[in-house]
Amino acid sequence: MVKTWLELLKMKVIGFKCYTNGFVRQQGVEKYYLANKHLPEIPSEKEVIENGIDLAEMNKLLLKKIEEMTIILVNQQKQIDDLKIKLK
């Protein structure tokens, strides 16, 4: 049986950690994005074209961004709920 490339691809991740334990920097992300056209810590298009992508590192970065967004959404929902209570 022939295996697909996905079945053959194995990555060893070193130094993996949960990013929700750290401080989420909400301030300045929009300013950074508008100036650089990419998120902080994520490589630019030019960097990707020149250097390629380390899949294990990119997965770590993307997970970090997902966790940061989740924390932001939870905080926003708390603010919305507080505002709803104040309006009643």
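Rules of the game
- Residues numbered from 1 in each chain as written.
- Predicted model: local features only at pLDDT ≥ 70, side-chain atom pairs only at ≥ 80, totals over all residues.
- Heavy atoms only, no water.
- Helix = DSSP H or I, 4+ residues; strand = E, 2+ residues; numbered from the N terminus.
- Buried < 20%, exposed > 50% of the residue type's maximum accessible area, 1.4 Å probe, protein only.
- Contact = heavy atoms within 4.5 Å.
- pLDDT = per-residue confidence, 0-100.

### Concerning the overall build of the protein chain
In step 1: A count of helical and extended segments in the protein chain gives four helices and zero strands.
In step 2: Start at the N end of the protein chain and walk to the C end: the helices and strands fall as α-α-α-α.
In step 3: Burial status across the protein chain gives 16% buried among its 88 residues.
In step 4: Long-range contacts, defined as pairs at least 24 residues apart, comprise 65% of the intrachain contacts of the protein chain with a sequence gap of at least 6.

### Quick notes on helix α2 (residues 29-36)
In step 1: α2 sits mainly on the outside: zero of its eight residues count as buried.
In step 2: Lys37 sits one or two positions beyond α2 and adopts a positive phi of about 65°.

### Quick notes on the confidence of the model for the protein chain
In step 1: Residue-level pLDDT values for the protein chain average 80, and 69% of them are 70 or greater.
In step 2: Ranking the elements of the protein chain by mean pLDDT puts helix α1 (residues 5-8) last, at 58, and helix α4 (residues 55-87) first, at 93.
In step 3: Across residues 20-24 the pLDDT falls below 50, and counting only partners more than four positions away or on other chains, this stretch makes five contacts in the model.

### A look at unusual backbone geometry
In step 1: Although it is not a glycine, Lys37 sits at a positive phi angle of roughly 65°.
In step 2: If you trace the backbone, Lys37 turns up in the loop between α2 and α3 (45-51).

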